[in-house]
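Inside the fold
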Amino acid sequence: MPESDPELKTVQIIGCPEDLGQAKRGVDMGPSAMRVAGVVEKLRALGHTVIDSGDIVTSDMASEQPGNPNLRWVDQVVKDMEVLADVVEAAVRAGRFPLVLGGDNSVSIGTMAGLARVEPRQGLIWVDAHPDFNVPETTPSGNIHGMPVAAIVGDGDPRLTEVGGVTPKVLEENLVWIALRDVDPRERDRVRASPATAYTMRDVDEMGMRQVTGEAINLATRGGVDQIHLCFDMDSIDPRHAPGTGAPVPGGLSYREAHLMMEAFNDAGIITSAEFVEVNPALDVRNGTAELAVELICSLLGKRIL
């Protein structure tokens, strides 16, 4: 790409090795795995300016106690997310594209808090096998990585909803889920009652990825919203292609469906921040899941076949 290309960005990579939002060790190594897979070098090869600000310091599961069984490690997660919110906010105010590397999906609470401090009206496209829409009263596990979307729209424990001092961080009408296929029983009722839009894997099968992506963009930008944050959980992809994740569910996105989605987002030019989460090298095969995450990041940020 020529340096005058308007699609070129200053990308700030922010590692958040949070692992307290779930119960399986190893996801804290996700940011390192994506760096090993060449995320910095490959984005620079596309012509982007890349600033790697390293990892924020997060609490250590080995030296902490989970506390409330319906909100495991909540105080520690909140502390970490406040730090992340500050870093993301600073990146946006500096005119950079924040690219957050997780860590488990509780990371999104901090990311969205930082974004909402700068621009309260954001769209959110959440690509995940799970809606992550539980609250303490509905969670079967107490794991906070199953609650971030609820917290982001202002529902759930106040310690989570008020991270960053902004609540809600996204209006439900601007929230779109893609690739859902594993929903907890009481969580299902909450999703059905929400004004947000959910595309399950059946919808992807029946409609095709291009239509789903186009509709998702239109829905996420309702009401004059012109910025969309993309949260991409690697368990949205079928575990045949992405085995290194903590909650794999058969029947997910194919390799090409995932890339087509990223290419369509790039075509639309509407994604203004992104995060890729739930890469767990301890469960992976030859770092393949991290390598796929980096490939998808590159497609999102302009890599094309021709």
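Whatever comes next refers back to the structure up there.
What you see as residue numbers is a count from 1 along each chain, following the sequence as written. Under the rules for a predicted model, residues below a pLDDT of 70 receive no local features and side-chain atom pairs below 80 are neither given nor counted, while totals for whole chains, interfaces and linings still include all residues. The basis for every side-chain value is the complete set of heavy atoms in the structure, and neither hydrogens nor water enter the calculation.

Observations concerning helix α9 (residues 209-220)
The criterion, for reference: The helix and strand labels rest on DSSP assignments: H or I over at least four residues marks a helix, E over at least two residues marks a strand, and numbering proceeds from the N terminus. What a helix is expected to span follows from its residue count: subtract one and scale by 1.5 Å. Only protein chains enter the calculation, and the probe is 1.4 Å; a residue is then buried if its accessible area is under 20% of its type maximum, exposed if over 50%, and partly exposed in between. Throughout, the arc means the angular range of directions from the helix axis out to the C-beta atoms. In this analysis, two residues are considered to be in contact whenever any of their non-hydrogen atoms come within 4.5 Å of each other.
With 12 residues, α9 extends 16 Å from end C-alpha to end C-alpha; this agrees with the ideal 16 Å at 1.5 Å per step. Listed in full, the buried residues belonging to α9 are Met-209, Val-212, Thr-213, Ala-216, Ile-217, Leu-219 and Ala-220. What you see down the axis of α9 is that its buried residues fit within an arc of 165°, all on one side. Considering only its buried residues, α9 is in contact with β4 (123-127), β5 (175-180), β6 (197-200), α8 (201-207), β7 (228-233) and α10 (255-268).

Structural notes on the pattern of salt bridges
We count it as follows: For this document, the term salt bridge refers to a Lys or Arg side-chain nitrogen within 4 Å of an Asp or Glu carboxyl oxygen.
Counted according to the given criterion, the structure contains 16 salt bridges. When the shortest N-O distance is used, the salt bridge between Glu-89 and Arg-117 registers 2.9 Å. Here the residue Glu-89 occupies a position in helix α3 (residues 74-93), and Arg-117 occupies one in helix α4 (residues 107-118), the gap between them amounting to 28 residues. On the basis of relative accessibility, which here comes to 18%, the residue Glu-89 falls in the buried class. Taking relative accessible area as the criterion, Arg-117 reaches 23% and is therefore assigned partly exposed. A salt bridge links Glu-206 to Arg-202; its shortest N-O distance comes to 2.8 Å. Placement of both Glu-206 and Arg-202 in helix α8 is noted, with a separation of four residues, approximately one turn of the helix. Grouping residues by exposure puts Glu-206 and Arg-202 together as exposed.

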